[in-house]
Structures are given as C-alpha cells and as structure tokens.
Amino acid sequence: MIRVDAGGWGATYAADESGRLHQIALGPQGHTTEATTDTFWYPDAYPCWGDSDPFRTAALRVTHHDGTLTTRLRFESTERHPRDDGREGIHTTITCLDELFELGVTHHFLTHPSSGVLETWTEIVNGEQGPVTLHDYDSVSLAMLVGTQARLTQFGGSGWADEWRWSTHGLDPGLLTLASLGGVQPHLQRAPFLLLDTAAGESAESAAEGNDTEVLGFSIQWMGNTRFTLDVRPAADPGAPRLLSLRAGANPYGADYVLDPGCSFVTPSVAWTWSSDARRGVTRSFHHWTREVVLREPQRLRPIVVNNWEATEMAFDEARLVDLIDRAGALGAEVFLLDDGWFGTTYPRDDDTQGLGDWDPDPAKLPNGFDPLVHAAQSADIRFGTWVEPEMVNPRSDLFEAHPDWVVRDARNPREHRQQLVLDPTIDAVAGFEIGVFEQVLGGNPGISYLKWDANRPITDPGSRSLPADRQANLWVDNVAATWALMDDVVARQPEVELMLCASGGGRNDHGTLRRFHEFWTSDNTDPVARVRMQWACSHFFPASVMAAHVTRWGERPLEFACAVALSGRFGFDIDLAGLSEDELDVCRRAVALAKRNATVIQQGWIEHLVSPVEGDDLSRAAVAYDSNDATRCVVFAYQLEDSTSPPPRIHPAGLERSLTYEVTCTDLTSDRALTTAKATGAELTTEGLQWPLATPCTARIWEITASGE
Ligand code: DGJ
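A brief look at the structure comes next. Keep in mind that this is a model prediction, so the values were computed, not measured. (Residues numbered from 1 in each chain as written. Predicted model: local features only at pLDDT ≥ 70, side-chain atom pairs only at ≥ 80, totals over all residues. Heavy atoms only, no water.)

Once that is clear, we can look at the pattern of salt bridges. Counted under the stated rule, the structure contains 53 salt bridges. Two residues, E498 and R300, come together in a salt bridge whose shortest N-O distance is 3.0 Å. Within this pair, whereas E498 is found in strand β27 (residues 498-501), its partner R300 is found in the loop between α2 (278-294) and β21 (305-307), the two being separated by 198 residues in sequence. Residue classification places E498 among the buried positions, given a relative accessible area of 0%. (Salt bridge = Lys/Arg side-chain N within 4 Å of Asp/Glu carboxyl O. Helix = DSSP H or I, 4+ residues; strand = E, 2+ residues; numbered from the N terminus. Buried < 20%, exposed > 50% of the residue type's maximum accessible area, 1.4 Å probe, protein only.)

Structure below.
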C-alpha cells in the first residue's frame, strides 16, 4: 500500500499481482483506507492505451520506437522523501516500467499538508533504442464515485475580455473534454481550473441547493494548452452513484511529443485538493498554498498602480506622461505604469501595426528616454514601471527585417494576428534577444521597478526551425519550457523588479507561470458589472493580491461603483486622471485611502464568498468579505449589478469573534462621511448579519468592521 497523506485527505495506491498500479482509495480517508477486495478490481491509477479498459481513453498513449502502440506499465519501486525545499511535506514517487520496453513512468506526489493541496505530475523516461512519440500524457488520473446530482464548475468563455466565465452544470454520462488551444494566451478561452461538487452521499435536495460538502478543486499549472477529461459511466440503478474518471494535464491536441532515447518528459504539475467544507474549503486551500508556495514575496503588499493604457493608448508624449505621473502621485497611487507605445524608431509604435521588437524609446514621444519620467515619478513620490512584449514582433519592424526566420512558422508565409508574429524562443539566438530586451529596458534604466509582461497573440502556424522535421509538434510544449526559462532568467537577474503577468488580459492566469510574477492582469474587460463576476470566479483560486483590478470607464458605470469593484482586488486605475472632475477625483481619493487602510486585510486576509452573482435564479447581487483571520477586522463589499427579482438577502460577515464589539462603518465612496456608523457584537453581525441596502443597479456599499477593544 502506497499512502499519500495530502493533509486532511489523501490517496492509496497498490500494485496487483501482475504489477499494474491501482487506486485503492481517494478522499478524506483515502490515505488510511484498507482494500476490501483483490487489488485487481480497483480502478487503474494511470490508464494506458492497450492495457486498461479498452472502452475508455487513456492517460498515457505512446507509439514505441518500433511502432508498437500499446503500453503496459508494471510497478518497479516507490520512494518517500521529506521535501527538498525545507517545507513540511512528503515527496512520494511511484515508478513503473513497461513490461516490454525500457519506458519508465514515475508518478510524483508532493504534499503541502498545511494547505491540503497536493501537486501531482508524471515523468516519462525513454530508455528505448529509438525515439518514442507521446500522444496523450496526462499529469493526473483519478477515479471516484459521484452522485447523480454532482456538478462541475468550469471557466470557459468566448475568448478575449471574457475570461473566468463561471459555468456550473451536471455531470451526464459520457466523455467531456474541457480544453484550451493557442499556446500563448490559452486561458483567455478557458482558465485551467475546475471545481467538482461530488454530491456523493448527499441528498439530491442539498446538492441541488449547492450545499455539497465534498468538493474537489483542480489547477493545471501550465502556461500552454490544457485539458481536463471527464468520463462518466452511469450505474445500473439510475439513482446510484456514477463512476467518474477524471484526468488533467497539458492538452496534447496537435502536440504529439517525440522523445529521444535517454531523455525524459515531465508533464505539468496539477495542484488539487479535496475539501470537506464545500467550495469554501477549496478556496482556503488554494489561497493558503498560493501564498505559501507560488507567490513571489507573498508578504509584500501590492502597490496601487496607475496605468496609462485606457487613458492614452499609444497617443502620448513626454509632457502628457509627466502630467499623468504628477496626477497619479497627487492621488496617492504607488506605481505609474507606462503601457504599450513607448518604443520604435524606424517604425514608431503609434498603433499595433508596427514597431514591436524594436525596444528603443520612440524619439518623437520620448526624446529623452525614460529619464524625465523616472525623475517626474521620483518628484511625485511614486514608482515608475513600464510594459514589454518580448515574445512578439511586428513584420513592420527592424527586428523582423533583420531576422525574418526568428518567428514561429513553417514553410508557408506566417499568418499575422494582431499584425504581429510570435518569436520562437527555442532558437538560441531568439532566447538571447529576448533576454537582451530586459537588459536593455531594465538594466539601462534602474529607475524602473515594475514591469508588465504582455503577450498578445496565439500560435497559429506551429513550426520551428530549431526542431527536426519529425518533431515540429514538440513546439507546443517546448515553447512553454523556453518561455518559462526566460522568465526565470529575468527573475534571477532582476529580482527586485515587481512583475505583472499579462497576456491580452488574463491569458496566463495560471499557478505555474505566476511563480515568476507578483500579480496578473485579470482581464482587459474592466466593465465593473462583468468584473464582479470574473473576480468572483478568479478569487476561488487566487487571493486579491494577485488579481489586478483597475478603475476605467468601461461600461460607463458610476465612478464610485467602478472604484468599489476594483477595491476588492489589487486596486489601481486605468482611467484618464486628467479627465476627472473634482467630484470624481474626490471619489478616487476616498478609494485610494480605503485601499491603503485595508490593504493588509484585503490582500492577505481570507475571502468569504457571500452572495453569488453567478449561480441561482437571481444573479443581480454579489457580496464578498475579507477578514483578517485574527477577528480584528473585516471588510465587506456588496454590489447591486442589475434589478433584482428576489427578496434581498442578509449579508453575514465572517471571521468575527462573537463576544467582541465591533465598530461598523459603511460607505459608498460619494462622501467623506460614512453613510452609517454603528457598534455591534460579533454575535449580532454573524447571526443577524447586515441588511442588504441596495436596489439600484451599479451601486455598491463597503463596510469596514473593526474590533473596538470593548
Ligand atoms: C493587452 C493588455 O491586456 C492591455 O492591458 C494592454 O497592455 C495592451 N495589450 C497593450 O497592447
């Protein structure tokens, strides 16, 4: 019996007499359960094509060096080691070998007991005499019974500006594939996350009401294309639990990987958890683990950023920027971010048709380079940051004219998308160039302490001159490895620079890429009504410190409402500060002050999702709360998005101590004076809750609840 104790839940594996690996148990007692029947009868731990159930797709499908299509893995060894990074937890490996070929497969299980998150990945080692081709190469495979009312929550939208679209539905019998494509910003289309409410052992009523207690959460830590595969088998008795086989990893569509002898292939790591405290437990686990393991400098409060993108796009000059920097400083913001459009000499970057790849400041817009901007920022007591898109090139650029063969392409003319092409980082010279972009922009300008790293088109013509003809499709995986290596290099060379991850918005919102960054741009869609729903979904997996949320004019909503929505994420502005009236500026000042007073509780506290804008019959309202985890402070946000069709709910703040007295102030940001101030005990606030005060669409309230010491 091989036991994986993930912290409050776990799994057990064992090999049968032939050596085939089976999953004996999974769940809250999964690491302690004993087998009750012969191992042979338990589900395969990692189904292989040609060995397991012939009526199901497999986690591993390989063509061996001699053309053999089947794989039969047999148990070889298992090891358990304390983690090598000094953290609490165990790294368990289970190694199997094909019974005919020298193809080794090692399953890795890395536990994070304090958060209850388990990371699982698979390493495939080719010891055969020739190359093997990997057709399916999942990271994790599991089998479990789910109730007929089980529900799945996935996050697939229509693409750009529609990230994190929440969609919950039942799990019908059949095969369901949830995949993303495009390679560079695939999470625009589908965030690589899943929630599974198992409804196992629950009544149909409680499951239908969303009260399942057993919920699994998954995060595929991969910047490239991802895939979840769910295979549901009905039971003979229609009311009985169904067998679900779930697999997750990189999407192998069009991405057969040719692996040379002596080489190994490591799949993405999938982070997953099993909560017995409903979705709330999944969120707690993922936030805890994100802070403990994933995030760079988790204790560092993220700054209030003013970005010029929505304000100016590429139409600016030095004077305009200096004016905006002054205004951002006066407002109390902490970073001024100069976005796209600052570069290009032969081909000035006045729109997105040209200049990308030429990283010298445009002499017409910035005749003195960054220096005057950095000085202006210093005078305004604000940090300065800028924008790069190092992985891309416009055909109309000096770079492309000098190196037309540096792009991802095949023998055809490469297809333009947003008038640009993808540079191929698997070509050594290209990787060297991309590193050089950072040396040029950051090395030459030590006053830049914040950088937004963008990537704005997918791969449409996969092909690489660094790869032989028979392994062109390796590019989908190799591109991720090469880009992550580049990011690692930048972090190592410029550790003090704060990095924002962006890809046409939220195209790279994944825990794998985030390990190199401080935060990400959640979406280009900053319409506050849409954002409330996106942030609701995103915050099930990521803390607010990561989730950049800026105030803009999108949707033409009231400014105080836009501010209130951005305040529940990592707060900032993308609005033209020069175009604000005095009243509007006052709203922004109040929002900045509120963001600063509550930065610790919002960014580092615990979120409670209180009133859902994405599930139920009435999606007109939303409420979330952040609490400090020591019962001293809680901030509650309530949003009225549309006209309501149901009676108002009460809002129950969380994380308060029942016996303590709290001061409760409420604002809508329209006045320096609180709308209401009151005292109440933790018991009153928790049990009776706050009355829903809103009815008009696009209005908001923010309550700050502070232990008064009485
Ligand atoms: C896409 C990003 O999401 C935007 O915020 C902006 O940086 C543009 N790219 C600039 O081209």
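Anyway, onward from the coordinates.
Surrounding the ligand, one finds 13 residues, the nearest of these being D339, D340, K452, D454 and D524. A distance of 2.7 Å separates an oxygen atom of the ligand from a polar side-chain atom of D340. A distance of 2.5 Å is found between an oxygen atom of the ligand and a side-chain nitrogen or oxygen belonging to D524. Relative to its unbound accessible surface of 290 Å², the ligand loses 97% to contact with the protein. Considering only residue class, the shell around the ligand consists of four nonpolar, three polar and six charged. (Near = heavy atom within 4 Å. Polar contact = N/O pair within 3.5 Å; in protein donor to acceptor, adjacent residues only side chain to side chain. Areas by Shrake-Rupley, 256 points an atom, 1.4 Å probe, with all protein chains shown as cover. Nonpolar A, V, L, I, M, F, W, Y, C, P; charged D, E, K, R; others polar.)

With respect to topology, eight strands assemble into a closed barrel ordered β21-β22-β23-β26-β27-β28-β29-β30, the strand pairing being parallel. Between one strand and the next, the sheet's axes are offset by a mean angle of 30°, whatever the strand orientation. By the bridge criterion, five bridges tie strand β23 (residues 383-388) to strand β26 (residues 448-453) in an arrangement that is parallel. In the sheet register, V388 faces β26, and the bridge partner there is W453. On top of the sheet, helix α10 (residues 528-538) reaches β28 (519-521) and β29 (547-551); it is set at about 165° to β29, its chief contact. (Pairing = 2+ DSSP bridges. Axes fitted to C-alpha atoms, helices over the stretch in contact; angles between N-to-C directions. Contact = heavy atoms within 4.5 Å.)

Among the secondary structure elements, I382 is positioned in the loop between α5 (371-379) and β23. Judged by relative accessible area, which is 6%, I382 ranks as buried. In the structure, I382 is positioned 200 residues away from E582 in sequence and 21 Å away in space, judged by C-alpha atoms. Ignoring any residue separated from it by four or fewer positions in sequence, one finds I382 in contact with I325, A328, G329, A333, E334, V335, F336 and A377.

Close contact between helix α4 (residues 318-331) and α5 brings their axes to 9 Å; oriented N to C, the two are set at 20°. Judged on the interaxial angle alone, α5 and α4 are roughly parallel. Regarding α4 and α5, the two cross each other, and that crossing is right-handed. In this structure, α4 uses E318, L321, V322, I325 and D326 to contact α5, whose residues at the interface are P372, L373, A376 and A377. Residue composition of the contact of α4 with α5, by class: seven nonpolar, no polar and two charged. (Parallel < 35°, antiparallel > 145°, perpendicular 65-115°, else oblique. Left-handed = near helix turned anticlockwise from the far one by under 90°.)

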